[in-house]
Amino acid sequence: MTEQYVKNKIKYLKISIIIGILLLIVSNILPFLNYTFTEDNFWTNMLSCWGAIFLVAGLVRWYMIKKNPTWVETNEIEEYDERNSIIRGQAAYLTFVISTIFLALMSTVFIYLDYLIPLYLSLILLFGQYIVFIVLIKYYSRKL
């Protein structure tokens with residue numbers, strides 16, 4: 001099973017490396033294709049960053065697989081271990097429940113606000129800033 005596991009990992013790593021190279025190429029070609037990308041470097045920097053992440057992560061993991069075969073075996077055992085699978089499953093389930101609760105709360109707030117979100121958020125930030133200001137004044141006045 002280790003041979004197939006290694007082949008699958010290397011296949012995914014090759015895809016990661018190819019995606020990284022493509023993102024780096026695209027990020028360097030974009031300024032030549034459109035003048036907007038020379039004025040605003042956000043997208044070119046973003047694509048370069050993600051390209052470097054994919055490329056370096058793929059190369060490092062590929063190097064680890066080639067250099068240290070025992071790492072692959074321990075990684076495979078940990079990935080398919082029942083205890084680790086249960087832990088990952090429970091963590092994924094809890095993450096799903098928490099995300100669902102937050103989405104429900106956000107939906108309730110959006111319904112209540114009647115899509116006037118920017119106005120209410122700015123008022124909340126304004127009053128929040130004022131409350132923090134008062135609390136900090138009282139805190140530092142007690143210290144001094």
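Here the structure is a predicted model, which means the values were calculated and not measured.

Here we take up the overall build of the protein chain. Within the protein chain, the secondary structure is distributed over six helices and zero strands. Mapped from its N terminus to its C terminus, the protein chain presents α and β elements in the order α-α-α-α-α-α. Looking at the protein chain as a whole, 12% of its 144 residues are labelled buried. The contacts of the protein chain with a sequence gap of at least 6 include a subset with a gap of at least 24, amounting to 66%.

Moving on: the packing of aromatic side chains. Enumeration over the complete set of coordinates arrives at one aromatic pair. Each ring, one from Trp-50 and one from Phe-54, has its centre 6.2 Å from the other, and the planes form 45 degrees; the classification is tilted. Of this pair, Trp-50 and Phe-54 both sit in helix 3 (residues 42–67), four residues apart, which is roughly one turn of that helix. What makes Trp-50 partly exposed here is its relative accessible area of 44%. Residue placement shows Lys-11 over the ring face of Tyr-12; its charged tip is 5.5 Å from the ring centre.

So, on to the packing of helix 1 (residues 2–33) against helix 4 (residues 69–80). The geometry of helix 1 relative to helix 4 is characterised by a closest axis approach of 11 Å and an angle of 95 degrees between their N-to-C directions. In terms of orientation, helix 1 and helix 4 fall into the roughly perpendicular class. Judged by residue contacts, Thr-2, Tyr-5, Val-6 and Lys-9 of helix 1 engage Val-72, Glu-73, Asn-75, Glu-76, Glu-79 and Tyr-80 from helix 4. For the contact of helix 1 with helix 4, the class distribution of residues is four nonpolar, two polar and four charged.

All right, on to helix 3 then. The end-to-end C-alpha separation of helix 3 is 37 Å, in line with the 38 Å expected for 26 residues at 1.5 Å each. Regarding helix 3, the residues found buried are Thr-44, Gly-51, Leu-55, Gly-58 and Ile-65.

What follows deals with the packing of helix 1 against helix 3. Axis separation between helix 1 and helix 3 bottoms out at 7 Å; the angle between their running directions is 155 degrees. Taken together, helix 1 and helix 3 sit at an angle that is classed as roughly antiparallel. Considering how the two elements wind past one another, helix 1 and helix 3 form a crossing that is left-handed. Each residue belonging to the contact of helix 1 with helix 3 can be placed in one class, and the counts come to 19 nonpolar, seven polar and four charged.

Low pLDDT marks stretches whose predicted atomic positions should not be read closely. When pLDDT is averaged along the protein chain, the result is 77, and 72% of the positions lie at 70 or above. Averaged over each element, pLDDT in the protein chain is lowest for helix 2 (residues 36–39) (65) and highest for helix 3 (89).

The rules we used
Residues numbered from 1 in each chain as written. Predicted model: local features only at pLDDT ≥ 70, side-chain atom pairs only at ≥ 80, totals over all residues. Heavy atoms only, no water. Helix = DSSP H or I, 4+ residues; strand = E, 2+ residues; numbered from the N terminus. Buried < 20%, exposed > 50% of the residue type's maximum accessible area, 1.4 Å probe, protein only. Contact = heavy atoms within 4.5 Å. Phe/Tyr/Trp six-rings, centres within 6.5 Å; stacked < 30°, edge-to-face > 60°. Lys NZ or Arg CZ within 6 Å of the ring centre and 35° of its normal. Axes fitted to C-alpha atoms, helices over the stretch in contact; angles between N-to-C directions. Parallel < 35°, antiparallel > 145°, perpendicular 65-115°, else oblique. Nonpolar A, V, L, I, M, F, W, Y, C, P; charged D, E, K, R; others polar. Expected span 1.5 Å × (residues − 1). Left-handed = near helix turned anticlockwise from the far one by under 90°. pLDDT = per-residue confidence, 0-100.

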